[in-house]
Amino acid sequence: MRSPLPAPPHACARALALATALVLWPALAHAFAVQVSPPFESDGSLFVTVTLAQPFDGRVEQSLRGGLPITIELRAETWRRRNGWFDSQQGTSVRAMRIGYETLKDRYRVERPGNPPEYFGTLDSLARFVTRRWNMRLAPSAKLQAGARYYVSVRATLKPLTL
């Protein structure tokens with residue numbers, strides 16, 4: 001009868017590092033409070049309203065004031081359930097905001113694709129802008145099948161220093 005071989009030392013070290021990272025991950029990550037309205041129909045499309053709460057913690061504020069830009073991305077997806085097969089994505093909506101601090105002008109700059117830059121003099125005014133209600137178009141109503149089951153996935157991500 002053979003005894004099992006001991007795990008190589010580097011495998012134990014990797015497992016310990018992974019376990020430590022998994023335990024510490026929630027403490028290192030910044031979590032948004034995301035509120036999502038029930039889906040509603042308007043102008044021939046399905047929408048949800050997404051609202052962020054608490055967009056900036058102390059570390060994010062310090063990073064912004066130190067000149068490091070951040071990007072906030074909101075992503076909403078519509079999926080149709082299919083039995084015995086992968087679910088089918090029916091639509092996606094993405095809102096991205098690149099936020100930076102202009103040290104010489106003492107103001108925050110928000111850039112969104114397809115919009116002119118917007119400026120805010122205080123972190124509070126910037127936070128009010130970011131936490132406003134964002135209507136996100138999910139899919140054209142004509143694309144959705146009557147009687148089918150759908151679900152909506154909404155994700156908010158804060159990315160440091162995206163160019």
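S.K.: Mind showing me how you'd approach the overall build of the chain here?
M.R.: Helices and strands together make up the secondary structure of the chain, namely three helices and nine strands. The N-to-C order of helical and strand elements in the chain reads α-β-β-β-α-β-β-β-β-α-β-β. The 163 residues of the chain split such that 29% are buried. Of the contacts made within the chain by residues no fewer than 6 positions apart, 58% connect residues no fewer than 24 positions apart. Of the roughly 10900 Å² of accessible surface on the chain, 57% is carried by carbon and sulfur atoms.

S.K.: So what exactly am I meant to see when it comes to the sheet that holds strand 4 (residues 70-80) here?
M.R.: Sheet strands associate in pairs through backbone hydrogen bonding, adopting either a parallel or an antiparallel arrangement. Taken in spatial order, the five strands make up an open sheet running 7-6-5-4-9, and their pairing is antiparallel. Taken across any chain shown, the strands that pair with only one partner, and hence form the sheet edges, are strand 7 (118-120) and strand 9 (150-160). Sheet twist, expressed as the mean angle between neighbouring strand axes with direction ignored, is 20°. Here strand 6 (residues 107-111) runs beside strand 7; their pairing, made up of three bridges, is antiparallel. When the bridges of strand 7 are listed, valine 110 appears paired with glutamate 118.

S.K.: What am I meant to see in the pattern of salt bridges here?
M.R.: Pairing between side chains of opposite charge can happen when the charged atoms of each approach one another. Evaluated as defined, the whole model comprises nine salt bridges. Notably, a salt bridge pairs aspartate 57 with arginine 59, separated by 3.7 Å at the nearest N-O pair. Judged by its relative accessible area of 42%, arginine 59 is partly exposed. Here the salt bridges do not stand alone but share partners, grouping Arg98, Glu102, Arg107, Arg109 and Glu111 into one network.

S.K.: I'm lost on the side chain of serine 141 in this one. Help?
M.R.: The topology assignment puts serine 141 in the loop between strand 8 (133-140) and strand 9. Separated by 2.7 Å, the side chains of serine 141 and glutamate 41 make a polar contact. Side-chain polar atoms of serine 141 contact the backbone nitrogen of serine 45, separated by 3.4 Å. For serine 141, the contacting residues outside a window of four places in its chain are Glu41, Gly44, Ser45 and Leu46.

S.K.: Please clarify how the packing of aromatic side chains should be interpreted in this entry.
M.R.: For any pair of aromatic rings, geometry is given as the distance between the ring centres together with the angle between the planes. One pass over the structure, following the stated rule, counts four aromatic pairs. For the pair tyrosine 101 and tyrosine 108, a centre-to-centre distance of 4.9 Å together with 55° between the ring planes defines the contact as tilted. Neither tyrosine 101 nor tyrosine 108 differs from the other in exposure class; each is buried. Relative to tryptophan 134, the ring of phenylalanine 129 lies with its centre 5.6 Å away and its plane at 90°, an arrangement referred to as edge-to-face. The same class applies to phenylalanine 129 as to tryptophan 134, namely buried. Members of the aromatic cluster, each reached through a chain of ring pairs, are Phe120, Phe129 and Trp134. Here the basic side chain of arginine 107 rests over the ring of tyrosine 119, its NZ or CZ set 3.7 Å away from the ring centre. Of note, arginine 132 hangs over the ring of tryptophan 134, and the distance from its end group to the ring centre comes to 4.0 Å.

S.K.: Got a minute to help me understand the pairing of strand 3 (residues 45-53) in this structure?
M.R.: Here is the key point about a regular strand: its side chains alternate between the two faces of the sheet. The element strand 3 is extensively covered by neighbouring structure, given that eight of its nine residues are classed as buried. Relative to strand 3, strand 2 (residues 40-42) runs antiparallel, the two sharing three bridges. For glutamate 41, the partnering residue across the bridge sits in strand 3 and is leucine 46. Connecting strand 2 to the antiparallel partner strand 3 that follows it, the hairpin turn spans two residues, and aspartate 43 within it adopts a positive phi of roughly 50°. Direction of pairing for strand 3 relative to strand 8: antiparallel, over a ladder of seven bridges. The partner of valine 48 across the bridge, within strand 8, is methionine 136.

Parameters and conventions
- Residues numbered from 1 in each chain as written.
- Predicted model: local features only at pLDDT ≥ 70, side-chain atom pairs only at ≥ 80, totals over all residues.
- Heavy atoms only, no water.
- Helix = DSSP H or I, 4+ residues; strand = E, 2+ residues; numbered from the N terminus.
- Buried < 20%, exposed > 50% of the residue type's maximum accessible area, 1.4 Å probe, protein only.
- Contact = heavy atoms within 4.5 Å.
- Areas by Shrake-Rupley, 256 points an atom, 1.4 Å probe, with all protein chains shown as cover.
- Pairing = 2+ DSSP bridges.
- Axes fitted to C-alpha atoms, helices over the stretch in contact; angles between N-to-C directions.
- Salt bridge = Lys/Arg side-chain N within 4 Å of Asp/Glu carboxyl O.
- Polar contact = N/O pair within 3.5 Å; in protein donor to acceptor, adjacent residues only side chain to side chain.
- Phe/Tyr/Trp six-rings, centres within 6.5 Å; stacked < 30°, edge-to-face > 60°.
- Lys NZ or Arg CZ within 6 Å of the ring centre and 35° of its normal.

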